[in-house]
Structures are given as C-alpha cells and as structure tokens.
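Chains, contacts and geometry: an overview
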Amino acid sequence: MATDTLKSAARSGGLRRLLLDNGALTALIALVIAMSALSGDFLTADNLLNVGVQAAVTAILAFGATFVIVSAGIDLSVGSVAALSATVLAWTATSHGIPVVLAVVLAIATGVACGLVNGFLISYGKLPPFIATLAMLSVGRGLSLVISQGSPIAFPDSVSHLGDTLGGWLPVPVLVMVVMGLLTALVLGRTYIGRSMYAIGGNEEAARLSGLRVRRQKLAIYALSGLFAAAAGIVLASRLSSAQPQAATGYELDAIAAVVIGGASLAGGTGGASGTLVGALILAVLRNGLNLLSVSAFWQQVVIGVVIALAVLLDTVRRRAGAGTVAAGTGAGGGRGRQAVTYVLAAVVAAALVGAMSFLHGGASSTTSKVGLSLSTMNNPFFVQIRAGAQAEARQLGVDLTVTDAQNDASQQANQLQNFTSEGLGAIIVNPVDSDAAGPSVRSANKARIPVIAVDRGVHKADTAALVASDNIEGGELAARTLAEKLGGKGSIVVLQGQAGTSASRERGAGFAEGLKAYPGIKVVAEQPADFDRTKGLDVMTNLLQAHPDVQGVFAENDEMALGAIKALGSRAGTSVSVVGFDGTPDGLAAVKAGTLYASVAQQPTELGRIAVRNALRAAEGKAVDKTVKVPVKVVTKANAAGFTG
Amino acid sequence: MSDTEELLRIEGIRKTFPGVVALDGVDFDLRRGEVHVLLGENGAGKSTLIKMLSGAHRPDAGRVLVDGEEVRIHDAQDAERLGIATIYQEFNLVPDLSVAENIFLGRQPRRFGMIDRKRTEADAAELLERVGLSVSPRARVRELGIARLQMVEIAKALSLDARVLIMDEPTAVLTSGEVDRLFTIVRRLREDGVGIVFITHHLEEIAALGDRVTVIRDGRSVGQVPAATPRDELVRLMVGRSIDQQYPRERTDAGAALLTVEGLTRDGVFHDVSFQVRAGEVVGVAGLVGAGRTEVARAVFGADPYDSGTVHVSGARLRRHDVNAAMAAGIGLVPEDRKGQGLVLDASVAENLGLVTLRAATRGGLVDRKAQRAAAARVAERLGVRMAGLGQRVRTLSGGNQQKVVIGKWLLANTKVLILDEPTRGIDVGAKVEIYQLINELTAGGAAVLMISSDLPEVLGMSDRVLVMAQGRMVGELPASAATQDSVMALAVSTPTSNEAATEVEAARGH
C-alpha cells in the first residue's frame, strides 16, 4: 500500500527513494521549482500559506474521497453535501438561533446522514456508486437551495473564525487540513475500517469470503466521506463568512482528480493520505502560480488539464518502468532505469510548464502600475465585454492588467483576490460572485492598503474605493414597464430567472416585480430558473409553453436566456409573444434589430470595464474617486438599436 | 530433421524483471506436426516463455527464429502475422457476443463495408465442425460451459491459420471426458501439420499426447526428453529431486463429528445433501464439474443462501447465509477461484495473510499491525511461501505460493473445519505435495478437512472417505479402502433416482 511504500522508502534510501516511489511528489516539486523561477512572488511565506488555505477545502474533500476510491467506489456528491452542511449550519444558527455548537453538530450530522444514504443505496439497494452519489449530488444541491431559499446566509461570527488565522499567521483552514490529513492517514493505515477499504477495493469477493462485513463497511465508508464533506463545507463557508447554496459546485471532480493524481487507482485497492494531499497541493499551486503569472484565465484551464494528465502519466510510467513485482522496493536491478525515467519525466513537465509560461507571459508590459481584475465568470458575453472594456482602457493608460475568472465560484474568487493581495498590486477590481462572500478577501486587501474597486455588484462588510455598476433594480423596473406597455397593460407572461442565489437574479427579479405593481392587468403565470444559460432557457421555455401555450410576454433576466426562449418560441417570437431581455449583449442587440427580441435592458459592460480601470488607476495613485459610479442602463428597442453600442 | 520441418526455435532466451530473473538461457524448438510438452513447476518460467511468443513480453537476450529466420515479436499482431496463436487459461472471449462474432472478432468478413453476418456464421460453423463442437454459431458465449469455451478459443486460433498453437494448461479445468475430446482434436490438428506447445501439470497426459518434452526449472531449460520418459524421471527433472510419494496421507483416528450437514437444499441447484466430517478426517468430494459441489461448499460456509436443511458445527446450528457466523464457528473456505475469490491480488502477502484475523487483531478500531505482520511472517515461514518478502504483491507469486497464502490466512484463524475447493488446481507437483503435507498437519492437530477436487487420483490418494455428487445430489459414500477410479466414476456419472428440476438444469449445462 502507498503508506507502507512511503515509510519503508524513507527508511531505506532517503529522499531519492521517496521521489521514485511517488511520482506525484516529484511533479509537485517540479511545479514549485518552476513557479519559483518564473515568479518572484511565489516563494514567500505568505504566499505559501495562501496555497495551503486554497488547497484546504479540496484536500479535505479529497481525503473523504480517498476512502471511497480506495474501496473501489466513487462519490460525486461531496461538493453538494459540503454546501448543504454549511447551509444547515448557517440556517439553524442564524435564522433559528440554535446555539452554534449544536448547529455545528447538526451540520456534521447532515453530512454523515447524506453519506449513510449513499452507503445504504449502494450496499443494500445495489445501486452503482456512480448513480447513487449522482442522485445525492442533485438532492444535496437542491436541499441547500430549498433551505436557503436561494440566497446566501451569513455565517455565525464564532464559526467564521475558522477562516481566520491563529496567532496572526497560521490560517485555521491549513490547520484543519493537516488534522484531517493525519486522521485520514490513521484511518487508512491503522484502523479496521481502513484496512478493510483496501481489501474491499482490491477484491470485494475475497474480502467477503474472508469474513469482512462488506456492506456494513461500505455504509461507514460513505458516511466518512459525508463527514469530511461537511467539514470541508464548514471551512469553505467560514472563509467566505457566508453559506452559499451554490458553493463547491464541481468540487467533487477536483477531489477525485486530487486523489488520482496522488497515486490512487479508480479501480480501487491503492491510494493514501499523503498522495491525496500532494494531489490537492498540485492543483492549488497551479491555480495560485498561474494567477501570479497573470496567465490568461482561459489558458489557465488548459494548463491545469494538461498538468493533471501529465502528473498521472508520470506516475503510470514510473510504475510500469519500476516496482512491478515487488510492492515495497527490494530489488536493486532496474533501479537506475527507473530513476532516469522519473527524472526525465520531471524535467519534461518542468520544461513544458516553463515554456508555456514564458510563451503566455510574453506579452505582459512592465509598467509600475499593476491592477488585477477578478471576474465572476467568463461564460457570459456580458462579462467578456467588461473584460474587453477593461483591457482596452488598460492599454490606453499603460496599466498592467491581470484578469482572472472565478467560474462563478465564490471560494475560487477568494483565492484569486488573496493572490492579488499577496502580489502587492496597485489596485484590485472585483466583480463579486457573491457580495457577502467577497467580504473577507476584500477586508484583507483593505488591511494591506490596496484599494478595491467593485464592478457590477457591490461588496458587503468591506471597504471599496468605488462601486461601478448599473442599477439592476432600476433595470428590472424598466423591463417591467417596457413589457407591460407593449402588451397594453394586460396579458399573461412568464419570467425566466437567473441562477438561484446570485444577486443579479435577485435584484432584477425584485425590480421587475416592483415595476409590475403599476400594471395589475399583467399576470405572471410562471417563474422558473434557467441559470442565465441559453440552452437552459430554451429547455425551460419549451416546457413552460406546454403548460401555458397562450403567453403573450416573456421576461428573461438576461439576454442569453431570452435568446433561448426565442428559439423555443420559433416564429411566435416577436409576433404573438414579446420577449424582453437584459444586458444588451451583441447577440441580444442583433436579435432586437431582427425583431425577435422586443427589447433588452442594456447595460454598458464595456463602459463598466473602462470606468472601473480608470477609477482603479486613480485610486492606486492615491487620488480621490467617487464612492459610487452609476453607469446608466437604457432600454434598447428596434427604434434605437442602430445607434447603440455596448 | 530437415529445416523445413522446424517451425520455431528459441535460443538462449533471458528475461529479467526488477529483482527477479524469470528466464535465464532457455532453448526450445518446435516442428511441424508435433505436440511438444513444456513441463515445469509453477514459477519455473513457462508462462513468461509463452508470453515472449505471443508478444506480451520481449526478451532481454537470446533469439527467436520462425521458419529459420530471426524475428522480433513486439505485440499480438506480430504473433498473429507469424501464425502463432496462444490459448491462455483465462480465455479472451467477450461473453455477450455470439460464438461466430468471437471467433472473427475484429476480422469479420465484410460486404459493402457492412459486416457480412451470413458469411461470418457459415465460416464459423465450418471451424466449429473442425473442432468437433456442436453449438450454434449464434449462441452467446456467456451461455457456454468452460469446455466449450476452450473449443471456441481453438476455433478462433484455427481461423487465424495458426501454424503454432500454444495451449497453457488446457486440461486444468476439464473433466476426464472433456479431456479425451480435447485430445482427439489436438491429435487431428497435429495430423494437419500444426505444431503444438502444450503445457500441463498432469504427467499422465504427456505419454498420452506428447511427442517431446522440454523441462524448465528455475528459468532454465534443464532437458529435452521423449514423451515416453518414465514419470519418476520427469518429476526428478522438474523438481530437481525425486519425490517419493505423491500422496503422503497420514491417517489419524477420527474423533467427534465437527461438521454435520443435513438435508441441505437449494431449489434447482442441490438437493437433500447430508454428510458429516469428523475431527482428524479428510473427506473428499468427487463428481463431475457442475455436479453442485462448489455450490454446497459455499452454502455451508454461508457465502450463498440455501432453501432448507441445517448446518451444525460441533453441535451448534449455524445461521443461514452468514459468513461471519460460519467463521466464528471455525469454518474456513479456500475457494475454487483463487484469484477471483481468495486473494486481494494487488495487496501484499502480509495483508492477504492477515485478512481473516483483521477483526480479531483490532482493539478500539485500531489494528495491531505489528502483531499482524509477525503472525504473517510466522505462517509464511511455516508454509514455506517462496517470496521476495512479506511486502511482495500476491499477484506476482506463482500459483502454488498463492494457494499457500489462501490456506495460510485460515491457519492463522485457528480454523477447525477447512473446506478446500480444488486446492491444487494449476499447481505443480512439488507445491502439491507441500499442500498435502499441510492437510496432514491440520488433521493431526484435530481439524477436519473437506476437500472438493476434480483430480481423481488426488481424491483417492488423500481422502479418508470419498463422497460422490452427481446432478446436485449426494449419490454415494465410499471408504478410502473401497474407492477406486472406476467405482467413483461409476457413481459420478449415475443419474439420481428421484428426478427433479435439478436434472434439467444440469442437463441444460450439458458438459
């Protein structure tokens, strides 16, 4: 087993053996060397602690996943369960005044309960683990949205200290990660259930015929995974000071990747705590380093994928070349060949990375004024336009602008902001995934005296030098007025909502509802979320048309969903049904010109980006800036579409 | 012999794996129309050698010549091109495809770019005819018994126009009738000019089928002798010493009944099975493959449920379908499928030896791994497991040593009733004797052994009593003194008088 190998290795040949027996560790070291060589900001105590904090949540989830994967299972539900547990904690403590200690116990119990349900479905219901946990992924996410009603809930302050530091320097998440890691090593290496995991993963039938109570063990294994997921959820939420129903989306894949990079096989029977930790650190070092190197957000994902593949490849090749017959290295023969293979591969990884970095890094200018921009997502033309505006302005002003993409994940954004802060940038522009969750990271930027400009959405409980935004509530009201007047003050309409829990969706929806109050003749027959996504807009609208074939109007909280709805409506769009969108994206404006989209409440995202950079530069230079900069929204219809540019 | 007759020649082949020299100077040759037996203990290097010929491994040194020309076999395609086909013990068939599709897998005749199903089936029928297998080309491979699967493999090899056919222990899993059929086919192939490399542990098969024998020991070819060589001489060549007694059973006085099974029935599988095993006794269970012996053993051990009947151990009744209750009462099972059910192949020797005692070695959730390791070292020493160390992965041990590990885990648990299901299948002579000696030690210590085996000489040689099963029923019990090959076989092929669903099921399997 991996733990054995590691230990006997350390005894018999020191560092060299350790590296040979653990391809992932070699890859991690190569990465660290490459990053240190490429960025002067990487190898500082502060930044390394950042990496630790950023690895913590993935690592804790991955420790739980290690149990499951070693026993030849898979748990896809850990991200959802983490979010659900955190939501339960915040909901019981904040909304119901239950003592915090009890709330923490309840949160952990929630995680364990989810794991037990998984385990029960798998061992007694005979469901494949993939299916059982896929179901739990959906159920967990759904329940956390139900409990939180789609909005983030503030985390109790006493628990939020989990996201702080001990003695002013040791971050608690790192401490929790280390403790959970030791616990994992203990469970895997020393306990009955841990040894059973290896036996069950290696050969379930042989384990059963040797008297291991396989079904009972599986229950416990998934319960452990749920427990670790709950712990990860609490750490995640305390870092953000709020429980986000959409937190940790997709983290199950990061966790699985970390376990596999760490040398475990999805076929079961191998894996260990140290390997998993290394796997999680590789992912964190990569994200952190790529941020520091100002690698384009799009390229970051490419590089991360390539490194995951390389790390596992390195391990596979090493295994094939090496320790074939003997589990704990005893053979002297072939050692040199194995060593050569490992070093060559490590060199290739390092060289590939260095090459990629310098290539991607080549265009960066060397001005003194550096600004970082953390966007919530780039999956949406609106934010891409913000970036375009910001970059254009930066070029004009000679500002060195680094853009990162948080992929709608508040915790990833926290990491990026932390990286900006430790780099010591002149100013930071943030487009928060969530206003509450961005608070703690912006506060630490405040502490470092780096001015922060918020764009599109504000940041709560922290100082921002300026908020550059268009008014979503006002926009919602405008949309209501436009649609109602088009319909002549009466008719039935449907509303396509954005991603549950996002402030844009809440504010536009609220504004729209407010605006409709003036038109009692308009009836909203259905409100359904389509997640700001064009495909989902199409699907949801198609479904709604089945139930309400006679709608006359559609309000979509962004243009993407509106365009999806237009697809669903076909020839009725723009003729018998009027669709109003939001954002004024290029596609949306084209549809307005074509007549299929009646109107779009246009923000001016390019303008938002430009103004944000302009203000960031002023703030960095210590000049005064306005607290709020309103970028006007306008209703664009066919009449004025020609003259409008975003 | 003229050169044209020589199909294959291997000279001075050497192959090392990290820490192990698998082959060190092996010579071998094969002529047209001969059966050349490759003989050696497990772990001697036979498998490694045939993997060189099928392209799975590449030699570190030495030459391989086909038709007098030196060749390099890098992969299965190279082997196929040279006309070398290998039939492994684990068949390479896709269970849910038809027989015809399996035979022509990847090479189906095509018409207009589509698979020509008619021709595939017609061609397959012809090949099946050649190997004397009467089964529809459209039958799913999953539905076939093991003997037929082997025939399908041979048909597949023939479809490749194989001139060299390598068969790795083809008789290990066959009943004697099936073996006879296989031999008929092999002889016919020999007449057609195919050269056959035949691996077996059954020495009597050598005289019956072989022309020449090459003996491999510890990775070296130690001799090439005619097939008519006396058995003792073959054994001496193979193990490097002579074995006095093949079945060294030492009888002890039987004590009280330890295992009592009464009226055990699972509808459609086995019926009204009753027997006793007493302390210090070895009871053999003979019968044809599919007679229900393994199913009874698994039911007794609690691995599978049964519908009626009782199992008592030392007078206490066992809960149905509860492995842990059986283990607590002192029953152990060494399953038929060593790799699939007996071992965690990628775990170490120590881990495997400690599996059964894992729970007992746990205090407050923590396993005392030091004690586990010490116990494993002790039992490995006692069993003479040949390994690089306790950390070696079980997958890389030879078959005999793997079996010792499976038995060893039960020894550690102080098992009182050990059920052995085909304990020496695929194991060489030397290791077999060691396992028999272990059985002696167990019974001398007051344990009871129930031994299921399809190797009739073994059943006769090692048992104190022989039970015979046929078609899911216990059809007879013979004391060791009265049991002969003929008397046991007569019972094994008999039809039980009361006729029920069981008969149909077995008939449908039709070996």
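So, how was this worked out
Residues numbered from 1 in each chain as written. Chains lettered and ligands numbered in written order. Predicted model: local features only at pLDDT ≥ 70, side-chain atom pairs only at ≥ 80, totals over all residues. Pairing = 2+ DSSP bridges. Helix = DSSP H or I, 4+ residues; strand = E, 2+ residues; numbered from the N terminus. Domains from an automatic or database assignment. Contact = placed C-beta atoms within 7 Å. Nonpolar A, V, L, I, M, F, W, Y, C, P; charged D, E, K, R; others polar. Buried ≥ 20, exposed ≤ 12 C-beta atoms within 10 Å, placed from the backbone. Axes fitted to C-alpha atoms, helices over the stretch in contact; angles between N-to-C directions. Parallel < 35°, antiparallel > 145°, perpendicular 65-115°, else oblique. Left-handed = near helix turned anticlockwise from the far one by under 90°. Core = buried A, V, L, I, M, F, W, Y, C linked by C-beta atoms within 7 Å.

Description of the pairing of strand β13 (residues 257-266) of chain B
All names here are of chain B. By the bridge criterion, six bridges tie β13 to strand β14 (residues 270-278) in an arrangement that is antiparallel. Bridge pairing in β14 places leucine 264 opposite valine 273. With antiparallel pairing between neighbouring strands as the criterion, β13 and β14 make up a hairpin whose turn holds three residues, including glycine 268 at a positive phi of roughly 85°. As defined by bridge partners, β13 adjoins strand β16 (residues 308-313) across five bridges and the pair is classed as antiparallel. Residue threonine 265 lies in a different strand from β16, and its bridge partner there is serine 308.

Considerations on the domain arrangement of chain A
Residues and elements named next belong to chain A. Split by domain assignment, chain A resolves into domain 1 (1-39 + 293-362), domain 2 (47-281), domain 3 (370-464 + 606-629) and domain 4 (472-602). On a C-alpha basis, the centres of domain 2 and domain 4 stand 39 Å from each other. Facing seven residues of domain 2, the contacting portion of domain 4 comprises four residues. Broken down by class, the residue content of the side of domain 2 that touches domain 4 amounts to three nonpolar, four polar and no charged.

Brief notes about the domain arrangement of chain B
Residues and elements named next belong to chain B. In terms of domain boundaries, chain B breaks down into domain 1 (3-239), domain 2 (245-330 + 416-511) and domain 3 (339-414). In this structure, domain 2 and domain 3 have C-alpha centres spaced 25 Å apart. Each partner contributes residues to the interface: domain 2 has nine residues there, and domain 3 has seven residues. Looking at which element gives the most residues to the side of domain 2 that touches domain 3, the answer is helix α15 (residues 429-444), with four residues. Each residue belonging to the side of domain 2 that touches domain 3 can be placed in one class, and the counts come to six nonpolar, one polar and two charged.

Section: the environment of B:Gln246
Residues and elements named next belong to chain B. Relative to the helices and strands, glutamine 246 is located in the loop between α8 (231-239) and β13. Since 16 C-beta atoms lie within 10 Å of it, glutamine 246 is described here as partly exposed. For the pair glutamine 246 and valine 429, spaced 183 residues apart in the sequence, the C-alpha separation amounts to 7.9 Å. Look past the residues within four positions of glutamine 246 in its chain and what remains in contact with it is Val433 and Gly461.

What to know about the sheet that holds strand β11 (residues 212-217) of chain B
Hydrogen bonds between backbone groups are what pair the strands of a sheet, and the pairing can be parallel or antiparallel. All names here are of chain B. If you walk across this open sheet you meet the six strands as β6-β9-β10-β3-β11-β12, and the pairing is mixed. Each having just a single partner strand, β6 (84-87) and β12 (220-226) make up the two edges of the open sheet. In this sheet, adjacent strand axes meet at a mean angle of 20° when their direction is disregarded. The sheet contact formed by β11 and β12 spans six bridges and is antiparallel.

Comments concerning the packing of helix α12 (residues 251-261) of chain A against helix α13 (residues 273-292) of chain A
Residue and element names in this part refer to chain A. Here α12 crosses α13 at 120°, and the two axes come no closer than 7 Å. Taken together, the axes of α12 and α13 lie oblique to each other. When the axes of α12 and α13 are compared, the crossing they make is right-handed. Mapping the contact onto sequence places Asp254, Ala257, Ala258, Val259 and Ile261 in α12 and Thr276, Gly279, Ala280, Ile282 and Leu283 in α13. Of the residues belonging to the contact of α12 with α13, the class tally is seven nonpolar, two polar and one charged.

Comments concerning the nonpolar core
With 252 residues, the main nonpolar core has A:Ile60, A:Leu61, A:Ala82, A:Ile282, A:Val371 and A:Ile453 as its most contacted residues. Sorting elements by how many residues they give to this core places helix α11 (residues 214-240) of chain A first, with 17 residues. When near neighbours in sequence (up to four residues on either side) are disregarded, A:Ile282 contacts A:Ala24, A:Ala27, A:Leu28, A:Leu31, A:Ile261 and A:Ala311. Membership of the second largest hydrophobic core comes to 65 residues, among which are B:Ala79, B:Val194, B:Phe198 and B:Leu237.

Section: the sheet that holds β13(B)
Residue and element names in this part refer to chain B. Spatial strand order, β14-β13-β16-β17: four strands in an open sheet with antiparallel pairing. One side of each edge strand has no neighbouring strand; the edge strands of this open sheet are β14 and β17 (316-317). Relative to β17, β16 is paired through two bridges, and the arrangement is antiparallel. Residue valine 313 lies in a different strand from β17, and its bridge partner there is alanine 316. Those strands touched by helix α9 (residues 293-301) are β13, β14 and β16, and its axis lies near 115° from that of β13.

A short note on unusual backbone geometry
The phi dihedral of A:Asp531 falls on the positive side, at around 55°, and the residue is not glycine. Note that A:Asp531 resides in the loop between β11 (522-529) and α21 (534-547). The phi angle at B:Asp161 is positive, at roughly 55°, despite the residue not being glycine. Residue placement: B:Asp161 occurs in the loop between α5 (146-159) and β9 (164-168). The exposure class assigned to B:Asp161 is exposed, which follows from the 10 C-beta atoms found within 10 Å.

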